[in-house]
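Given next are the chains, with one letter for each unit.
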Amino acid sequence: MRGAAAFAALTVLGASLVVSACGFTPIYAEPAMGSSLRRIAVSTQDDRLGYRLREQLEDALAWDQSATPLYRLTTQVEQSRRSLGRRIDDTATRYELTVKAAWTLTPAAGGTPVTGVETVTTTYATADQPYAAIAAQQDGEERAAAELARLIRLDLMQALSNR
């Protein structure tokens, strides 16, 4: 049993040495692009969903407000809502929220901007009480904004790694 554990530890150590010897740097490592992501200023449209997306993006990118931005990220968000289930009185029981975000990353020093589009779909249940229905819709928007921020961050990491 001890021999198997020692063998596994040596295998992991050997694999990490081989990977580090070939110049591999994780995409999220500080020398590669961590500092670039932290220096992206985000601007979104002036509504509730835009505000939530901006908050999520700033958190996902770990935006450093004290540093001068190297890039400006602008987003344009569109949402649509579709009822999924109906009661006998023809009121909806669930909704499907689809949020589409078109983004543009522009270098502050000038240069060619990078664009992309991400789409996220979430669902939420409705309630008979008005406040509960509003809270459920806002929760669906928050989950969509969080997922969009994650997907946009991945797109930005890929775009910046190609530069």
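Note: the structure precedes this text.
Everything numeric here is computed off the predicted structure, so don't read it as measured data.

### Considering the packing of helix H3 (residues 48–61) against helix H4 (residues 130–161)
Interhelical geometry of H3 versus H4 gives an angle of 45° and a closest axis separation of 8 Å. Compared by their axis directions, H3 and H4 come out oblique. The interaxial crossing formed by H3 with H4 has right-handed handedness. Counted together, Arg48, Leu49, Arg52, Leu53, Gln56, Leu57, Ala60 and Leu61 of H3 and Gln138, Glu141, Glu142, Ala145, Ala146, Leu148, Ala149, Ile152, Arg153 and Leu156 of H4 form the full contact between these two elements. Grouping the amino acids of the contact of H3 with H4 by side-chain chemistry returns 11 nonpolar, 2 polar and 5 charged.

### Topic: the nonpolar core
Counting residues in each nonpolar core, the largest one holds 31 residues, and the members touching the most others are Ile40, Leu53, Leu73, Leu105 and Leu156. Within the residue set of this core, elements represented by two or more residues are strand S1 (40–43), H3, strand S2 (71–86), strand S3 (92–107), strand S4 (114–125) and H4. Leave out the neighbours within four places in its chain, and Leu73 touches Ile40, Ala41, Val42, Ser43, Leu57, Trp103, Thr104, Leu105, Ile152 and Leu156.

### Notes on the sheet that holds S1
Strand order in the open sheet formed by 4 strands is S1-S2-S3-S4, and the pairing between neighbours is mixed. Since the sheet does not close on itself, it has two edges, and those belong to S1 and S4, each with one partner. For this sheet the average axis-to-axis angle between neighbouring strands, irrespective of direction, equals 25°. On top of the sheet, H3 reaches S1, S2 and S3; it is set at about 125° to S2, its chief contact. Across the sheet, H4 touches S1, S2, S3 and S4, and the angle it forms with S4 is around 155°.

What counts as what
Residues numbered from 1 in each chain as written. Predicted model: local features only at pLDDT ≥ 70, side-chain atom pairs only at ≥ 80, totals over all residues. Heavy atoms only, no water. Axes fitted to C-alpha atoms, helices over the stretch in contact; angles between N-to-C directions. Helix = DSSP H or I, 4+ residues; strand = E, 2+ residues; numbered from the N terminus. Parallel < 35°, antiparallel > 145°, perpendicular 65-115°, else oblique. Left-handed = near helix turned anticlockwise from the far one by under 90°. Contact = heavy atoms within 4.5 Å. Nonpolar A, V, L, I, M, F, W, Y, C, P; charged D, E, K, R; others polar. Core = buried A, V, L, I, M, F, W, Y, C linked by side-chain atoms within 4.5 Å. Buried < 20%, exposed > 50% of the residue type's maximum accessible area, 1.4 Å probe, protein only. Pairing = 2+ DSSP bridges.

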